[in-house]
Amino acid sequence: MEQNQREPTPLNPNQKGKLCFKCGFPNRSTDLRCVYCEVSLEEPSGIFSMFQQTYYVLRWRLELKQKREGIKKNRALFYPVKFLGYFILGIVLSGTGLYLMIEAVNSNSFSRAIISVLLLLYGLFTLKGLIFRQK
Ligand SMILES: [Zn+2]
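This report concerns the structure included in the present document.

Rules and cut-offs
- Residues numbered from 1 in each chain as written.
- Predicted model: local features only at pLDDT ≥ 70, side-chain atom pairs only at ≥ 80, totals over all residues.
- Helix = DSSP H or I, 4+ residues; strand = E, 2+ residues; numbered from the N terminus.
- Contact = placed C-beta atoms within 7 Å.
- Expected span 1.5 Å × (residues − 1).
- Buried ≥ 20, exposed ≤ 12 C-beta atoms within 10 Å, placed from the backbone.
- Arc of directions from axis to C-beta.

A few words on the overall build of the protein chain. Of regular secondary structure, the protein chain possesses two helices and two strands. N-terminal to C-terminal, the α/β element order of the protein chain is β-β-α-α. Summarising the internal contacts of the protein chain: among those between residues at least 6 apart in sequence, 37% fall at separations of at least 24.

Here it is, written out as structure tokens:
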């Protein structure tokens, strides 16, 4: 690995960084441009800009929080529908496979037996994936 390769260092609270006065993104003090919106980080000074910076940081944090909560909500809404869909698919596949299996045994049909086994396995894998899914 190359030693000289410049990696973006993670932000930590102890490091004094520059806050973007357009979007409020906390950049590193070595950055000349905002990582987030690419505006120049030449800071305006004075008490007004201090308030402005505080405002932008608060707004940035609020937006981030809202985004996260929005994603969570969407997932929670979407998950049961998806779960139900896969569950029905698994049941239908397994059921069809089982039915064809019985048919194949009754009629001694090899091709039907192959198809039934495939359907059964597919259905079982769908159900298994549903139950043992990692969140
Ligand atoms: Zn910015």
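The subject of this paragraph is the environment of S49. In this fold, S49 is placed in helix α1 (residues 47-107). Along the primary structure S49 and F21 are separated by 28 residues, whereas in three dimensions their C-alpha atoms are 7.8 Å apart.

The subject of this paragraph is unusual backbone geometry. For N108, which is not a glycine, the phi torsion comes out positive at approximately 55°. Within the secondary structure, N108 sits in the loop between α1 and α2 (110-131).

Working note: α-helix, 3.6 residues per turn, so residues spaced by three or four point in the same direction. Along its 22 residues, α2 runs 32 Å from first to last C-alpha, staying within 8% of the 32 Å computed at 1.5 Å per residue. Inspection of α2 places S116, L119 and G123 among the buried residues, and these make up the whole buried set. Buried residues along α2 cover an arc of 70° about the axis, so they all sit on one side. In this structure, α2 carries F110, S111, I114, K128 and G129 as exposed residues pointing more than 90 degrees from its buried face.

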